[in-house]
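Residues per chain are reported as follows:
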Amino acid sequence: MRGPAHIPYRFLQDPSLFAVEQQRIFKGPTWHYLCLEAELPEAGSFVTTRIGETPVVVVRGEDGELRALVNRCRHKGALVCVEPRGRAPTLRCLYHGWSYQLDGRLRLVPFEKGVDGRGGMPPCFDKSEHGLHPVRSARLHGVVFGTLSEATEPLEDYLGPDMCRHFRRVFCKPVEVLGYFHQVLHNNWKLYAENARDSYHATILHAFYATFRLNRLTMGGGLVVNHDGWNTMNYSIGASLQEGQYDARELRSVLPDIGLASPELLDHRLEFADGITVAIQSIFPGCVHQQIYNTLALRQLVPLSHDRSELHWTVFGYADDDAELRALRLRQANLIGPAGYVSMEDGVIGEYVQRGSAGAAPGETALLLMGGEGIASVTDSRANEATVRGFWQGYRTLMGDALDD
């Protein structure tokens, strides 16, 4: 088996790998972002989400506790909760009316005793045995995670100390959701997982970053690696006054003679004492946590097939934001999402890789050699693919003999 610096294009193109990924990764010993606790303010509040192909609902019970449940009626397998979020006194399936308590217990089966003593469920039917399947969940500073495996290690051990420290840094006080973005990506889910870990591409592909000096590789910053490379963060500090290679004509990163009709989009407030202005934190396999100046968001990556995936963004601020800061966050939300000035290119570049790698020879690989072949934290340069190699190391570990490359 080759190492994480050489990735066969077959990993992106082979439909047979998708089912294996669902079992070994998404139902395996991994944690998945589900929602923010702030989205569930009162009893009966619910949010629907996914862990891979498995539909999940997170609900706040009458006792105030949060529970994650498989969103699948025990009768015929229909979704119990269909809306993305809402509030209900019970969880009721539309198909045949099976109704569940907020803790997942089956409370009502219409016509359980039949009609006029005829029909109905058999005498041995016991409602206590047919509640919604529970999903193991955990919370970290108001962020709710779930796992489909009892073998998954405790959440904080899985994340690693640096990842936990960054969650604590951002989720240092109560948050409020400001809005949502959703988009379909016409590429294998792993290409976006790579993209979010790759700070090397950011100021080459995203001309807005480099042109308006929001983020350049000439700025300070680094890469942080935890859990043997599975969970990573890339970050930049301060502003760049150095031009360096960004003046080179062969790079399209800086667009000359380009300005903004509304330059206040570039206004920002330094919120954190460490001076970090851009931080992209990636949790294996499909969670991305971002701070881009004053815009804060969590991204959830959902695989749909070997060549199609979804990306869901939850944009948030702090409950005690003043009016000026809230306005900054809302303006800067134009940087992200499907049509964001920065994120727009990420929505298509994965498709270009998906299309370009189709039909590659069986042994042909992508080369992730920037910065060498190691997987470790880096403090002197972000021109390094250590964090991307970390993702592929986690992928190979869980997929094992299914890859045979």
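Residues numbered from 1 in each chain as written. Predicted model: local features only at pLDDT ≥ 70, side-chain atom pairs only at ≥ 80, totals over all residues. Heavy atoms only, no water.

### Here we look at the domain arrangement of the chain
To be explicit about the condition: Per the annotation, domain bounds derive from an automatic or database assignment of domains. Contacts are assigned to residue pairs with any non-hydrogen atoms lying within 4.5 Å of each other. Summed over both partners, the accessible area lost on bringing two parts together, with a 1.4 Å probe, is the buried area. By definition, a salt bridge exists where a carboxyl oxygen of Asp or Glu is found within 4 Å of a side-chain nitrogen of Lys or Arg. Polar contacts, as used here, are pairs of N or O atoms within 3.5 Å; protein pairs need one atom able to donate a hydrogen and one able to accept it. Residues neighboring in sequence count only if both atoms are side-chain atoms. Helical segments are the DSSP runs of H or I of at least four residues, strand segments are the runs of E of at least two, and each set is numbered from the N terminus. Gly is put with the polar residues, along with every residue not named as nonpolar or charged; the nonpolar set is Ala, Val, Leu, Ile, Met, Phe, Trp, Tyr, Cys and Pro, and the charged set is Asp, Glu, Lys and Arg.
Taken as a whole, the chain is organised into domain 1 (31-138) and domain 2 (160-402). If you average the C-alpha positions of domain 1 and of domain 2, the two centres end up 35 Å apart. Counting from both sides, the interface comprises 10 residues of domain 1 and, opposite them, 14 residues of domain 2. On the domain 1 side of the contact with domain 2, Tyr33, Leu36 and Arg50 bury the most area, a combined 51% of that side's loss. Taken together, domain 1 and domain 2 are joined by 0 salt bridges. If you look at where domain 1 meets domain 2, you find 5 residue pairs in polar contact (both at pLDDT 80 or more). Mapped onto the side of domain 1 that touches domain 2, the elements with two or more residues apiece are strand 2 (32-36) and strand 3 (45-51). Per-element tally for the side of domain 1 that touches domain 2: the top contributor is strand 2, with 3 residues. Classifying every residue of the side of domain 1 that touches domain 2 gives 4 nonpolar, 3 polar and 3 charged.

### Quick look at helix 9 (residues 346-356)
Think of an α-helix as 3.6 residues a turn; residues three or four steps apart then line up on the same face. Our working rule: Only protein chains enter the calculation, and the probe is 1.4 Å; a residue is then buried if its accessible area is under 20% of its type maximum, exposed if over 50%, and partly exposed in between. Note that the arc is defined by the directions from the helix axis to the C-beta atoms.
Three or more residues of helix 9 are buried, namely Asp346, Gly350 and Gln354. In an axial view of helix 9, the angular spread of the buried residues amounts to 90°, which keeps them on one side of the axis. For helix 9, the exposed residues set more than 90 degrees away from the buried face come down to Arg355 and Gly356. Elements in contact with the buried residues of helix 9: helix 1 (10-13), helix 5 (189-197) and helix 6 (199-205).

### As for the packing of aromatic side chains
This is how the line gets drawn: In summary, the pairing rule links any two rings of Phe, Tyr or Trp, Trp by its six-membered ring, whose centres are within 6.5 Å, and it sorts them by plane angle into stacked for under 30 degrees, edge-to-face for over 60 and tilted for everything else. In this analysis the charged atom, NZ for Lys or CZ for Arg, is taken to sit over a ring once it is within 6 Å of the ring centre and within 35 degrees of the ring normal.
Tallying each qualifying case throughout the model produces 16 aromatic pairs. Each ring, one from Trp230 and one from Phe284, has its centre 5.0 Å from the other, and the planes form 50°; the classification is tilted. One end of the pair, Trp230, is in the loop between strand 13 (220-226) and strand 14 (231-237); the other, Phe284, is in the loop between strand 15 (276-283) and strand 16 (287-292), and 54 residues separate them in sequence. The class for Trp230 is buried, based on a relative accessible area of 7%. For Phe284, a relative accessible area of 0% puts it in the buried group. Taking the centre distance of 6.4 Å and the plane angle of 20° together, the rings of Phe391 and Tyr395 count as stacked. Residue Phe391 and its partner Tyr395 are located together in helix 10 (residues 386-399), separated by 4 residues, close to a single helical turn. When its relative accessible area of 0% is taken as the criterion, Phe391 is described as buried. In this arrangement the basic side chain of Arg169 is found over the ring face of Phe272, its NZ or CZ atom lying 4.0 Å from the centre. Its guanidinium or amino end placed over the ring of Tyr318, Lys173 lies 4.8 Å from that ring's centre, counting from NZ or CZ.

### Considering the packing of helix 5 against helix 10
Selection criterion: For helices, the fitted axis covers only the stretch in contact; all axes are lines through C-alpha atoms, and the angles between them, taken along N-to-C directions, range from 0 to 180 degrees. In this scheme, a crossing is called left-handed if the near helix is turned counterclockwise away from the far one by less than a right angle; it is called right-handed if the turn is clockwise.
It is the contact of helix 5 with helix 10, at a shortest axis distance of 8 Å, that shows an interaxial angle of 145°. Handedness of the crossing formed by helix 5 with helix 10: right-handed. Judged by residue contacts, Trp189, Lys190, Ala193, Glu194 and Arg197 of helix 5 engage Thr387, Val388, Phe391, Trp392 and Tyr395 from helix 10. Grouping the amino acids of the contact of helix 5 with helix 10 by side-chain chemistry returns 6 nonpolar, 1 polar and 3 charged.

### Observations concerning the side chain of Asn384
Within the fold, Asn384 resides in the loop between strand 19 (365-367) and helix 10. A polar contact is formed between the side chain of Asn384 and the side chain of Arg389, at a distance of 3.2 Å. Aside from chain neighbours lying at most four places away, what touches Asn384 is Tyr200, Leu223, Met370, Gly371, Val378 and Arg389.

### Regarding the pattern of salt bridges
Think of it this way: side chains of opposite charge can pair up when their charged atoms draw near. Per the counting criterion, the structure on display carries 20 salt bridges. A salt bridge links Asp103 to Arg105; its shortest N-O distance comes to 2.8 Å. For Arg105, a relative accessible area of 52% translates into the label exposed.

### Details of helix 5
Within helix 5, 9 of the 9 residues are buried, which leaves the element mostly enclosed by the surrounding structure. Here helix 5 has its buried residues at Trp189, Lys190, Leu191, Tyr192, Ala193, Glu194, Asn195, Ala196 and Arg197.

### A look at the environment of Arg92
By secondary structure assignment, the location of Arg92 is in strand 7 (residues 91-92). Among the residues examined, Arg92 registers a relative accessible area of 47% and is labelled partly exposed. Apart from residues lying up to four places away in sequence, Arg92 is in contact with Val80, Gly97, Trp98 and Ser99.

### Some words on the nonpolar core
Stated formally: Here, the term nonpolar core denotes a set of buried Ala, Val, Leu, Ile, Met, Phe, Trp, Tyr and Cys residues that are joined through side-chain atoms within 4.5 Å.
In terms of nonpolar packing, the biggest core is built from 66 residues, with Leu159, Phe171, Trp392 and Tyr395 touching the most fellow members. Element by element, the count of residues in this core is highest for helix 10, at 6 residues. Both domains that meet at this core, namely domain 1 (31-138) and domain 2 (160-402), each give it at least three residues. Non-local contacts of Trp392, meaning those with residues more than four positions away in its chain, are made with Pro4, Ile7, Phe11, Leu12, Lys190, Glu194 and Leu368.

### Thoughts on unusual backbone geometry
Of the consecutive residues Phe284 and Pro285, the connecting peptide bond is found in the cis state with omega at 5°. Along the chain, the position of Pro285 falls in the loop between strand 15 and strand 16. Positive phi, close to 50°, is recorded for His227, a residue that is not glycine. Topologically, His227 is positioned in the loop between strand 13 and strand 14. Of note, Tyr293 is a non-glycine position whose phi angle comes to about 55°, a positive value. Turning to its location among the elements, Tyr293 is positioned in the loop between strand 16 and strand 17 (295-305).

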